[in-house]
Amino acid sequence: MDYIRPIPIIDAAAPDGALPLAGGWCRFSHVELLRRDGAPQVLPVASLSAAQLAPLTAPRPDFAGLGMMRPRIMGILNVTPDSFSDGGLFLKPEAAMMAARDMAAAADLLDVGGESTRPGAAEVEVAEEIARTAPVIAAMRAAGIAPPISIDTRKAEVARRALQAGAAVVNDVTALRFDPEMASVVAQSGAPVILMHSIATPQTMQNDPRYDDVVLDVYDALAARVAEAEAAGIPRDRIAIDPGIGFGKTLEHNLALLARLSLFHGLGLPILLGASRKRFIGTLSGAEEAQRRMPGSVAVALAGVAQGAQMIRVHDVSETRQALSLWLAATQGKPE
Ligand code: HH2
């Protein structure tokens, strides 16, 4: 099988015949053909069929009411005692509300999570996870916080209670693998869902993860999860995908996925990228403390946007907003 990766152009000029990438801010005139059994090959778009090009060029439908023709920022709000970079900061409801108000000024979407999924993290009881997340979501809605809220959970009952409390999106780092009820809760609710690639569980995922070809294996795995979701009654126009940076991946795996992120447009769905403050940024920059990884996180987020990723999941919302606005202005030659 050939895997077709559009090579994104963000320059003001592009060769004749360049096509829009997913109806967004990038174009492409060439693709990289990736194969399991041969060297990559660069080809002009004219050598592809209409059927091969359609998923790469088609504008994506709105996701949670957000247009996907420009990049969107998802702000992270972890109401946990132990998240790897902000654990304990927002566990008290007043602190969570303050952070939510701050982030709402610059984020398009807010992701509330009540269980850390960092490498080695222990599972949280369902009742505890609901107690951490549902009241905060309800309070955010009652306070009129504008951006749609996603619930970052792998558990169906936590998702159901969060949706009842006013969340609009389910963000499942196991792409519906962990809880057999999750697919039906999402299908019945009508909520959009983010399917993230991961392997095993947070406890074991970093124990020597191996792939034949990480980029193609993650692509195939996500294609299979999307097919499962559709079979469970979740329509494609309510699905976004995420390669799951740091979830069962070594430094080399993460970098390979980032460098060829635009392959994932082949699934015809919005792409979310979550790299904020993750371990590999510390490894490459020497920033041992997660809170000191903002500049590297911004750089990786912008690299993702340059590959056409429609949503970036970040801790440092206002800093990322400033960087993104200026990146868009400087690459497009006009203010955002
Ligand atoms: N990363 C984390 C959690 N949820 N969801 C998506 N879709 N993509 C991601 O990359 C992703 C995610 C881990 O980061 P964080 O929430 O900051 O840490 P913790 O799991 O320790 O709470």
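Residues numbered from 1 in each chain as written. Predicted model: local features only at pLDDT ≥ 70, side-chain atom pairs only at ≥ 80, totals over all residues. Heavy atoms only, no water.

### Notes on empty space enclosed by the protein
Point 1. A complete count under the given rule lists 4 cavities of 30 Å³ or more for this structure.
Point 2. In this structure, the largest cavity occupies an estimated 50 Å³ of space.
Point 3. Along the walls of the largest cavity sit Thr-117, Arg-154, Val-173, Thr-174, Ser-198, Ile-199, Ala-200, Thr-201, Pro-202, Met-205 and Phe-247, which together make up its complete lining. (1 Å grid on protein atoms, 1.4 Å probe; cavity = no way out; pocket = protein on both sides within 12 Å on 5 of 7 lines; lining within 4 Å. Points joined across faces, edges and corners; volume = space filled by probe spheres on them.)

### What to know about the pairing of strand β7 (residues 109-113)
Two faces, one strand: in a regular strand the side chains alternate between the faces of the sheet.
Point 1. Of all 5 residues making up β7, 5 are buried, and the element is well covered by its neighbours.
Point 2. The alternating pattern of β7 places Leu-109, Asp-111 and Gly-113 and Leu-110 and Val-112 on opposite faces, both of which are buried.
Point 3. Once the chain exits strand β6 (residues 72-78) it traverses helix α2 (residues 93-104) before rejoining the sheet at β7, and the crossover so formed is right-handed.
Point 4. Pairing between β7 and strand β8 (residues 149-152): 4 bridges, direction parallel. Paired with Val-112 across the strands is Ile-151, a residue of β8.
Point 5. Taken together, β7, helix α3 (residues 126-142) and β8 constitute a β-α-β crossover, and its handedness is right-handed. (Buried < 20%, exposed > 50% of the residue type's maximum accessible area, 1.4 Å probe, protein only. Helix = DSSP H or I, 4+ residues; strand = E, 2+ residues; numbered from the N terminus. Right-handed = clockwise from strand over helix to strand, strands pointing away. Pairing = 2+ DSSP bridges.)

### Brief notes about the domain arrangement of the protein chain
Point 1. In terms of domain boundaries, the protein chain breaks down into domain 1 (1-56) and domain 2 (60-332).
Point 2. Taken over C-alpha atoms, the centre of domain 1 sits 26 Å from the centre of domain 2.
Point 3. Listed as interface residues are 20 residues of domain 1 and, on the opposing side, 27 residues of domain 2.
Point 4. For the pair domain 1 and domain 2, the summed buried surface comes to about 1,800 Å²; carbon and sulfur atoms form 60% of the total.
Point 5. Our count for the domain 1 to domain 2 interface comes out at 3 salt bridges.
Point 6. Note that Asp-217 and Arg-36 form a salt bridge whose closest N and O atoms lie 2.8 Å from each other.
Point 7. Between domain 1 and domain 2 we count 10 residue pairs in polar contact (both at pLDDT 80 or more) in total. (Domains from an automatic or database assignment. Contact = heavy atoms within 4.5 Å. Buried area = accessible area lost by both parts, 1.4 Å probe. Salt bridge = Lys/Arg side-chain N within 4 Å of Asp/Glu carboxyl O. Polar contact = N/O pair within 3.5 Å; in protein donor to acceptor, adjacent residues only side chain to side chain.)

### Remarks on the layout of surface pockets
Point 1. As a volume, the largest pocket reaches approximately 560 Å³.
Point 2. Considering the residues around the largest pocket, the lining is formed by 33 residues, among which Phe-84, Arg-118, Pro-119, Phe-247 and Lys-278 are closest to the centre.
Point 3. Listing elements by their share of the lining of the largest pocket, those giving two or more residues are α7 (251-259) and α8 (279-285).
Point 4. Take the lining of the largest pocket: its biggest share by element is 3 residues, from α8.
Point 5. For the second largest pocket, the calculated volume is near 220 Å³.

### Structural notes on the site of the ligand
Point 1. Around the ligand, the structure places 18 residues, and the nearest of them are Ser-83, Ser-116, Asp-242, Lys-278 and His-315.
Point 2. Between the ligand and Asn-78 there is a distance of 3.2 Å, counted from an oxygen atom to a side-chain nitrogen or oxygen.
Point 3. In this structure, an oxygen atom belonging to the ligand sits 3.5 Å away from a main-chain N or O atom of Arg-118.
Point 4. Taken by itself the ligand offers 480 Å² of open surface, and the protein chains cover 99% of this.
Point 5. With respect to the detected pockets, the ligand is housed in the largest pocket.
Point 6. Among the residues forming the shell around the ligand, the class breakdown is 6 nonpolar, 7 polar and 5 charged. (Near = heavy atom within 4 Å. Areas by Shrake-Rupley, 256 points an atom, 1.4 Å probe, with all protein chains shown as cover. Sits in = over half its atoms within 2 Å of the grid points. Nonpolar A, V, L, I, M, F, W, Y, C, P; charged D, E, K, R; others polar.)

### Details of helix α10 (residues 317-332)
Point 1. Taking 1.5 Å per residue, 16 residues should reach 22 Å; α10 reaches 22 Å between its end C-alpha atoms and fits that length.
Point 2. The set of residues buried in α10 consists of Val-317, Thr-320, Arg-321, Leu-324, Ser-325, Trp-327 and Leu-328. The arc that holds every buried residue of α10, seen down its axis, measures 165 degrees, which confines them to one face. Exposed positions of α10 whose direction lies more than 90 degrees from the buried face are Gln-322, Leu-326 and Ala-330.
Point 3. Residues of α10 that are buried in the fold lie against β6, α2, α9 (294-306) and β13 (311-314).
Point 4. Where α10 terminates, the next one or two residues include Gly-333, which has phi positive at roughly 75 degrees. (Expected span 1.5 Å × (residues − 1). Arc of directions from axis to C-beta.)

### As for α7
Point 1. When we look at burial in α7, the residues that qualify are His-253, Asn-254, Leu-257 and Leu-258. Down the axis of α7, the sector holding all buried residues measures 130 degrees, keeping them to one side.
Point 2. Check the buried side of α7 and you find it contacts α6 (214-231), β12 (272-273), α8 and α9.

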